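What the coordinates show
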There are 2 protein chains.
Amino acid sequence: MDRRETVQRTIILDTIKSIYHPTVNDIYEQVKKNYPQIGKATVYRNVNLLVEDGLLRKICIGEKEAVYDWDLDSHYHLRCSECKNIYDIDLDYSKELDEKIESLGFMVSHHELVFTGVCPKCQEKNTKMEE
Amino acid sequence: MDRRETVQRTIILDTIKSIYHPTVNDIYEQVKKNYPQIGKATVYRNVNLLVEDGLLRKICIGEKEAVYDWDLDSHYHLRCSECKNIYDIDLDYSKELDEKIESLGFMVSHHELVFTGVCPKCQEKNTKMEE
DNA sequence: TTGTGTGCAAAGCATTTGCACGGCT
DNA sequence: AGCCGTGCAAATGCTTTGCACACAA
């Protein structure tokens, strides 16, 4: 299963790096600007390959669409319940948590930590509306 | 928006309590045994209402189907990457984590922590197969 | 009686897949 | 030449919705 290098895959990866937490559709729309003949299935296929290869992280949060995160260091996320945006959280990945669970008999590969709350921007918006 | 009490809702809630991390389909199949005329849409609608009312927790993990957890105390989960089962993890909910994120400017309502790994059963299965 | 909940089928979305064609190697 | 990746459209699977009828209040 050797993987061929294609123009599409290259463009898709480059594009992902330029968008913050994009959905497949975000990626598709953006890629289309430089490469109009792209098909959405191609984006899905390549995004899946990139996830498989560990170059991309898939984040599934309550919402319908999955979003993708291009980063090499693990980190956590917060989803604003008002604007629905997903923010990276500046908190180090805790290996100790994984170790704690391993001591319970599981073999742990990693964990996802997602906070739900309200981001600073939306908090500000709310206080203004109350005035 | 007063909520009516219906036979269906009662049966659905009772049924959920009897299944471990069920999907909507699991609930539907189980309810049908005692109440064959139930419709799947009714299950969806009631499950959503129960989540809205805080009587039920929706857990969305990478997989397509959402599973539901009937519990009042928050806790964490582990999803076995082999058997795909979801396990409750015996680790207390950390309010300190929420507080840490609040100090970063977010208003936090709660967090979800999901581990991915291999459960004891599947580990055992694997060692047996290697023999 | 009055409107909310139900059951059914159809619609909606996100995602995957089948197939013929195009382009690396 | 051989075959993997692409583009399109169709299929899939989970979930929601429209509508007429049933039933709780």
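This text follows the structure it describes.
A brief structural summary. (Residues numbered from 1 in each chain as written. Chains lettered and ligands numbered in written order. Predicted model: local features only at pLDDT ≥ 70, side-chain atom pairs only at ≥ 80, totals over all residues. Heavy atoms only, no water.)

Further remarks concern the pattern of salt bridges. Residue and element names in this part refer to chain A. Taken as a whole and judged by the stated rule, the model has eight salt bridges over all chains. One salt bridge in this structure joins lysine 32 and glutamate 29, with 3.8 Å as the shortest N-O distance. You can see lysine 32 and its partner glutamate 29 sitting in helix α2 (residues 24–34), three residues apart, about one turn around the helix. The class for glutamate 29 is partly exposed, based on a relative accessible area of 38%. One salt-bridge network, held together by shared partners, links Arg3, Glu52 and Asp53. (Salt bridge = Lys/Arg side-chain N within 4 Å of Asp/Glu carboxyl O. Helix = DSSP H or I, 4+ residues; strand = E, 2+ residues; numbered from the N terminus. Buried < 20%, exposed > 50% of the residue type's maximum accessible area, 1.4 Å probe, protein only.)

On to the interface of chain A and chain B, then. On the chain B side, the residues contacting the 29 residues of chain A number 29 residues. Summed over both partners, the interface of chain A with chain B comes to about 2400 Å²; 71% of that surface belongs to carbon and sulfur atoms. Interface area lost by chain A to chain B is led by A:Phe106, A:Met107 and A:Phe115, which between them contribute 22%. The tally of links from chain A across to chain B stands at zero salt bridges. Counting the contacts that link chain A with chain B gives 10 residue pairs in polar contact (both at pLDDT 80 or more). Residue assignment for the side of chain A that touches chain B shows that the elements contributing at least two residues are β4 (86–89), α4 (95–102), β5 (107–118) and α5 (120–130) of chain A. It is β5(A) that provides the largest number of residues to the side of chain A that touches chain B, a total of 12 residues. (Contact = heavy atoms within 4.5 Å. Buried area = accessible area lost by both parts, 1.4 Å probe. Polar contact = N/O pair within 3.5 Å; in protein donor to acceptor, adjacent residues only side chain to side chain.)

Residue and element names in this part refer to chain B. Examined bridge by bridge, strand β3 (residues 76–80) and strand β4 (residues 86–89) share four bridges and lie antiparallel to one another. If you follow histidine 77 over to β4, its bridge partner there is aspartate 88. The turn linking β3 back onto β4 is made up of five residues, and lysine 84 within it adopts a positive phi angle of 65°. (Pairing = 2+ DSSP bridges.)

Attention now goes to the relation of the copies chain A and chain B. In this arrangement, two copies of a chain are superimposed by a rotation about an axis accompanied by a shift along the axis. Laying chain A over chain B is done by rotating through 180° and shifting 0.1 Å along the axis; what remains is an RMSD of 0.1 Å. Expressed as a symmetry operation, the mapping of one chain copy onto the other fits a two-fold axis. Relative to the rotation axis, the closest C-alpha in chain A is found at A:Leu113, a distance of 2.3 Å. (Least-squares fit on C-alpha atoms with pLDDT ≥ 70 in both.)

Below, the discussion takes up the protein's contact with DNA strand D. The local shell around DNA strand D holds 20 residues, among which A:Thr6, A:Gln8, A:Thr42, A:Arg45 and B:Tyr44 are the closest. When atoms of DNA strand D within 4 Å of the protein are sorted by moiety, sugar and phosphate together comprise 65%. Separating a sugar or linking oxygen of DNA strand D from a side-chain N or O atom of A:Gln8 is a distance of 3.0 Å. At a separation of 3.4 Å, a base oxygen of DNA strand D approaches a polar side-chain atom of B:Arg45. Every element with two or more residues in the surface near DNA strand D is listed here: α3 (40–52) of chain A together with α3 (40–52) of chain B. For the surface near DNA strand D, the class distribution of residues is six nonpolar, seven polar and seven charged. (Near = heavy atom within 4 Å. Nonpolar A, V, L, I, M, F, W, Y, C, P; charged D, E, K, R; others polar.)

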